[in-house]
Amino acid sequence: MTEEIIILDFGAQYTQVIARRVRECNVYATILRYDTPAATIAARKPNGLILSGGPCSVYAKDAPMPDRALFDLGIPMLGICFGIQLLAQHLGGKVEPGQKREYGKGTLTITDKACPLFRGLPESLQVWNSHGDRLTKLPKGFKPVAVTENSAYAAIENKARRFYGLQFHPEVVHTPRGSEIISNFVHGICGCGKNWTMRNYVDQAVEEIRAQVGPDKVLLGLSGGVDSSVAAALLHKAVGDQLTCIFVNNGLLRAKEAEAVQEVFGRHFKMKLQYEDASQLFLMRLKGVTDPERKRKIIGRTFIEVFQAATKRVGKAKFLAQGTLYPDVIESVPIAGNPAAMIKSHHNVGGLPKKMKFALVEPLKCLFKDEVRQLGLELGLPREIVFRQPFPGPGLAVRVLGEVTAGRCAILRNADAIVVEEMKANGWYYKVWQSFAVLLPVRSVGVMGDERTYDYTIALRIVESQDGMTADWVKLPYELLEKIASRITNEVKGVNRVCLDISSKPPATIEWE
């Protein structure tokens, strides 16, 4: 049976980070709602339970409260920030507003070196705080094991019940040795081994897919991106020729992308691959359109139309697969108007109509992005696909500013290919989040070989980011920028000027449209 740590989500912005840290310990972690019944949790037989942080105060009228029976399950428990306050509040302690709030870096001093949470750690640690409340009275059976500048109960322990609480956040990078604290909880206190590996996951996932699909056919819209590519490889390993991948060429792809997808999945993996070249249709419908939102809607509607027609040509199929990831399916918790509390929508289906009556197969729904990449390597996908940079669903249409035409797409495609080629050749491609070219609706005067030119401008967009939510421009070596600009103006007909976008997100976005 798979070992498991359950994380109850009380609306914290770091809940997913906790799950990732647990999985980095090679232990499977599941996020559940804060109000999940204790009986449901007990039935899963988890090895341990983590109570997340949250935006509320435990003494607030509308504070989220768990099932009280959780505390009687006999399961090791770790409360983080809001979680430690829950432990105290429910078990007879007291939480009050702090005279001083603790936000940002702090220094943790361990006062009980025998505490298993801090095994192998020095007496003093840098930690990250984010709280305004504090414990003023401990519940019976608990004792303090660490302090910070403003908190006498920064870490608490009830060794007999295996209950622990931390007022700081061990899961964030600003607590440099926090991963070791989580590892001590998961391995030392909960007794978990290190059985959560991608190799083991492949066997488990294959078994589950076969049980779900049985003898029926499965369709997958293959984009060539990381998620759909890994989903295709995993499904093919599980059900072989029962899977048909549909690849739609919308005429807005990067250089040699259609050929690469057909080579890798069709000829190398020997998958059933239905190639739909609808580039003329997409470009025709985009003629004269300059508004970014209209472009997206036209592309979305046309994709549905083409995909739906393709499914009919494949024949009867019961299942539609998609590359939904774990962050897409976790329901954020509606607590006190918390703006993060809306249920996240699945973005992979692309708004397929309800009349397409398929049952869904989501083979990646338990994985985070970095785990999907590990899985791709385990399944034998090329590094170029597994670690490729994010690419927008509407493709080059949102990087060709203004009207999208075959000619303007060709200019951008050629320029973008040079950017990718030089970034890879100089060892920068896999160091950044995204690096691409944008074709601006700006023409300017230039001179080439004593002749006047009046051609387009290319903007280079190269950013670093952790998750795409925020981003900063990358300070590439001048020599590399010079090489990229020189090659574009020399090799791409129709371009005589190259600019560098040095905007961060916010206030700008990563993509221009």
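Rules used throughout
Residues numbered from 1 in each chain as written. Predicted model: local features only at pLDDT ≥ 70, side-chain atom pairs only at ≥ 80, totals over all residues. Heavy atoms only, no water. Helix = DSSP H or I, 4+ residues; strand = E, 2+ residues; numbered from the N terminus. Buried < 20%, exposed > 50% of the residue type's maximum accessible area, 1.4 Å probe, protein only. Contact = heavy atoms within 4.5 Å. Areas by Shrake-Rupley, 256 points an atom, 1.4 Å probe, with all protein chains shown as cover. Lys, Arg positive; Asp, Glu negative; His and termini not counted. Charge placed at Lys NZ, Arg CZ, Asp CG, Glu CD. Expected span 1.5 Å × (residues − 1). Pairing = 2+ DSSP bridges. Axes fitted to C-alpha atoms, helices over the stretch in contact; angles between N-to-C directions. 1 Å grid on protein atoms, 1.4 Å probe; cavity = no way out; pocket = protein on both sides within 12 Å on 5 of 7 lines; lining within 4 Å. Points joined across faces, edges and corners; volume = space filled by probe spheres on them. Nonpolar A, V, L, I, M, F, W, Y, C, P; charged D, E, K, R; others polar. Phe/Tyr/Trp six-rings, centres within 6.5 Å; stacked < 30°, edge-to-face > 60°. Lys NZ or Arg CZ within 6 Å of the ring centre and 35° of its normal.

Draft legend 1. Summary view of the overall build of the chain. For the chain, the helix and strand inventory stands at 14 helices and 18 strands. Over its C-alpha atoms, taken along the principal directions, the chain stretches across nearly 85 × 60 × 40 Å. Looking at the chain as a whole, 52% of its 513 residues qualify as buried. Restricting to contacts in the chain with at least 6 residues of sequence separation, those with at least 24 account for 74%. Surface exposure of the chain reaches about 23600 Å², of which carbon and sulfur atoms provide 51%. Charge separation in the chain, taken as the distance between the mean sites of 66 positive and 54 negative side-chain charges, equals 3 Å.

Draft legend 2. View of helix α4 (residues 178-189). The first and last C-alpha atoms of α4 sit 15 Å apart over 12 residues, in line with the 16 Å expected at 1.5 Å per residue. Regarding α4, the residues found buried are Gly178, Ile181, Ile182, Asn184, Phe185, Val186, His187 and Ile189.

Draft legend 3. The arrangement of the sheet that holds strand β11 (residues 243-249) in detail. Taken in spatial order, the five strands line up as β12-β11-β10-β13-β14 in an open sheet, and their pairing is parallel. With partners counted over all chains shown, the strands left at the sheet margins are β12 (272-277) and β14 (359-361), one partner each. The mean angle between the axes of side-by-side strands here comes to 30°, regardless of whether they run parallel or antiparallel. Sheet topology note: the strand β10 (residues 218-221)/β11 ladder contains four bridges and is parallel. By the bridge assignment for β11, Gly221 is matched with Ile246. Sheet contacts for helix α5 (residues 198-213): β10, β13 (319-321) and β14; angle to β14, the most-contacted strand, approximately 170°. Lying over the sheet, helix α6 (residues 226-239) contacts β10, β11, β13 and β14, oriented at roughly 155° with respect to β11.

Draft legend 4. Examining the layout of surface pockets more closely. By volume, the second largest pocket is sized at about 560 Å³. Contributing to the lining of the second largest pocket are 26 residues, with Arg254, Ala255, Arg388, Val420 and Lys424 lying nearest its centre. Looking at the lining of the second largest pocket, the elements with two or more residues in it are α7 (257-268), α12 (383-386), α13 (406-425) and β15 (434-448). Among the elements that make up the lining of the second largest pocket, the one with the highest residue count is α13 (seven residues). Grouping the constituent residues of the lining of the second largest pocket by class yields 11 nonpolar, four polar and 11 charged.

Draft legend 5. Local environment of the packing of aromatic side chains. Tallied over the full model, the rule gives nine aromatic pairs. A centroid spacing of 5.4 Å and a plane angle of 45° characterise the contact between Phe10 and Phe82, whose relative ring orientation is tilted. Separated by 72 residues along the polypeptide, Phe10 in the loop between β1 (4-9) and α1 (15-24) and Phe82 in helix α3 (residues 82-90) bring together distant segments of the chain. The exposure classification of Phe10 matches that of Phe82, with both residues buried. Measuring from centroid to centroid gives 5.6 Å for Phe303 and Phe307, while their planes differ by 25°, and the two rings are stacked. Of the two residues, Phe303 and Phe307 both sit in helix α9 (residues 292-314), four residues apart, roughly one turn of that helix. Residue classification places Phe303 among the partly exposed positions, given a relative accessible area of 27%. By relative accessible area, Phe307 is classed as buried at 2%. Taken together, the ring pairs connect Phe10, Tyr34 and Phe82 into an aromatic cluster. Above the face of the Phe368 ring, Arg20 is positioned so that its terminal group lies 5.7 Å from the ring centre. Its end group placed over the ring of Tyr429, Lys424 keeps NZ or CZ at 4.9 Å from the ring centre.

Draft legend 6. Highlighting α6. Taking 1.5 Å as the rise per residue, α6 with 14 residues should run 20 Å; its terminal C-alpha atoms sit 20 Å apart, in good agreement. The element α6 is largely enclosed, with a buried count of 13 among its 14 residues. After α6 finishes, the residue Gly240 shows a positive phi value of roughly 55°.

Draft legend 7. Quick peek at unusual backbone geometry. With an omega dihedral of -15°, the bond running from Lys505 to Pro506 counts as a cis peptide bond. Mapped onto the elements, Pro506 comes out in the segment after β18 (495-500). Here Pro506 and Pro507 are connected by a cis peptide whose omega angle stands at 10°. Turning to its location among the elements, Pro507 is positioned in the segment after β18. Unusually for a residue other than glycine, Cys81 sits at a positive phi of about 55°. With respect to the secondary-structure elements, Cys81 resides in the loop between β4 (77-80) and α3. What makes Cys81 buried here is its relative accessible area of 6%. Of note in the backbone geometry, Lys270 takes a positive phi value of approximately 60° without being a glycine. Positionally, Lys270 belongs in the loop between α7 and β12.

This is a description of form; function is not addressed.
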